[in-house]
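Tertiary structure, described
What follows is each chain in one-letter form.
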Amino acid sequence: MSTIIRASAPAKVNLVFEVGQLGSDGYHPVNSLFFALDLSEELTLAKGEAGTGISIYVHGDSIPEAHINAVPTDHSNLVHKTAVLFAQKLGKATPDLQIDIHKRIPVAGGMAGGSADAAAMLVAMNEFMHQEHGTEKLSIEELAVIGAELGSDVPFCLYGGLAIGTGRGEMITPLEGLSFETNWLLCASSKGLSTPTVFAAFDELDTETQFTDLAELSKTSSPTELGSRMTNDLEQAAFSLMPSLSQQVRELEELGAIRAMVSGSGPTIAALFESEAKANEVSKALNSQGVVALTAKGGAQGARLDG
Ligand code: C5P
């Protein structure tokens, strides 16, 4: 029987995103409190016919069609790069693969959608190469080292849960989860924002940043307290590139969000609500106006194999 592996990985929000000055390596040092949401990408990997290479099919119906169409299906897709890099690390030839990506995370939205695909692919490749080529399975720490070469957010998507990210975001310190449930509404924009462009806009603003103790923040005791502590140093940069975002943040708070904030480099806005019922109510109202507003709960596990 042909080998078929299923894997998934979660979206992230940065509850806190502190960003330092651009370094000589072209990256900004960050101090981030990452939180995984139960909005996940699902990836299916099947052994392809010999000599057919890698083919990628992308689909999804909960995010705008333009987002799906914006995802490349050639060698520039992060999942393709992951397959090549993973096989190379094991000293093996890149296998022939048919890959199906079910996207649920807004594309170029600041929620690590591409990184979640890469994390799911790492977990899937780990299993595939073990089954097909008898290679030893790598640990999550070893997968994270490979993931860091693919993108700064990939290691967090492997770990999931709640974690501090330092370095350029790839050095992960897992924390115990929050002691309360969190309910989120994620408002996707029809257009994406490129991460390097947002970081470049951040440089223009010349912001002074202090790195704070994020482990202490993970001990907050309620959504209200958490909301009051959420910050994102990239938010003003995202506003400067897409001015309508600041109005949307205000509107979400007027509609009852405890706190609404640009997620990572944006432009998705992550809004924290007191209850699931309230998040659902606002989601319905926005969806009826044509806004893509997805609900999710916080604290999801990292990339994993699905049965
Ligand atoms: O690591 P990743 O591939 O996601 O980064 C994309 C781009 O975002 C980098 O090339 C860099 O321009 C910017 N970036 C940054 N500082 C970080 C992470 C990303 O400047 N900590």
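Criteria and thresholds
Residues numbered from 1 in each chain as written. Predicted model: local features only at pLDDT ≥ 70, side-chain atom pairs only at ≥ 80, totals over all residues. Heavy atoms only, no water. Pairing = 2+ DSSP bridges. Helix = DSSP H or I, 4+ residues; strand = E, 2+ residues; numbered from the N terminus. Axes fitted to C-alpha atoms, helices over the stretch in contact; angles between N-to-C directions. Salt bridge = Lys/Arg side-chain N within 4 Å of Asp/Glu carboxyl O. Buried < 20%, exposed > 50% of the residue type's maximum accessible area, 1.4 Å probe, protein only. Expected span 1.5 Å × (residues − 1). Arc of directions from axis to C-beta. Near = heavy atom within 4 Å. Polar contact = N/O pair within 3.5 Å; in protein donor to acceptor, adjacent residues only side chain to side chain. Parallel < 35°, antiparallel > 145°, perpendicular 65-115°, else oblique. Left-handed = near helix turned anticlockwise from the far one by under 90°. Contact = heavy atoms within 4.5 Å. Nonpolar A, V, L, I, M, F, W, Y, C, P; charged D, E, K, R; others polar.

Attention now goes to the sheet that holds strand β7 (residues 183–188). In spatial order, the strands read β9-β10-β7-β11; together these four strands make up an open sheet with antiparallel pairing. At either end of the open sheet lies a strand with only one pairing partner, and these are β9 (259–262) and β11 (292–297). Sheet twist, expressed as the mean angle between neighbouring strand axes with direction ignored, is 25°. Relative to strand β10 (residues 269–273), β7 runs antiparallel, the two sharing five bridges. Residue Cys187 lies in a different strand from β10, and its bridge partner there is Ile269.

Below, the discussion takes up the pattern of salt bridges. Overall, the coordinates contain 13 salt bridges when judged by the stated rule. Across the pair Lys47 and Glu132 runs a salt bridge, and its minimum N-O distance is 3.0 Å. With a gap of 85 residues between them, Lys47 in strand β2 (residues 30–47) and Glu132 in helix α3 (residues 113–133) connect regions that are remote in the sequence. According to the relative accessible area criterion, Lys47 is partly exposed, its value standing at 43%.

Moving on: helix α11 (residues 276–288). Relative to the 18 Å expected for 13 residues at 1.5 Å per residue, α11 spans 18 Å between its end C-alpha atoms, a close match to the ideal helical length. Looking at α11, one finds that the buried residues are Ala279, Val282, Ser283 and Leu286. The arc enclosing the buried residues of α11, seen along the axis, measures out at 105°, which places them on a common side. Exposed side chains of α11 directed beyond 90 degrees from the buried face belong to Ala277, Lys284 and Ser288.

So, on to the site of the ligand. Taken together, Gly26, Tyr27, His28, Val30, Gly151, Ser152, Arg168, Thr195, Pro196 and Phe199 make up all the residues around the ligand. Taking Ser152, its side chain carries an N or O atom lying 2.5 Å from an oxygen atom of the ligand. The separation between a nitrogen atom of the ligand and a polar main-chain atom of Arg168 is 2.9 Å. Looking at which element gives the most residues to the shell around the ligand, the answer is helix α6 (residues 195–205), with three residues.

Further remarks concern the packing of helix α2 (residues 78–89) against helix α4 (residues 140–150). Look at α2 against α4: their axes get within 10 Å of each other, and the N-to-C directions meet at 135°. Of the possible angle classes, the one that applies to α2 and α4 is oblique. Read as a crossing pair, α2 and α4 show a hand that is right-handed. Across from Leu78, Lys81, Thr82, Leu85, Phe86 and Lys89 in α2, the residues of α4 making contact are Leu143, Ile146, Glu149 and Leu150. A breakdown of the residues in the contact of α2 with α4 according to their chemical character gives six nonpolar, one polar and three charged.

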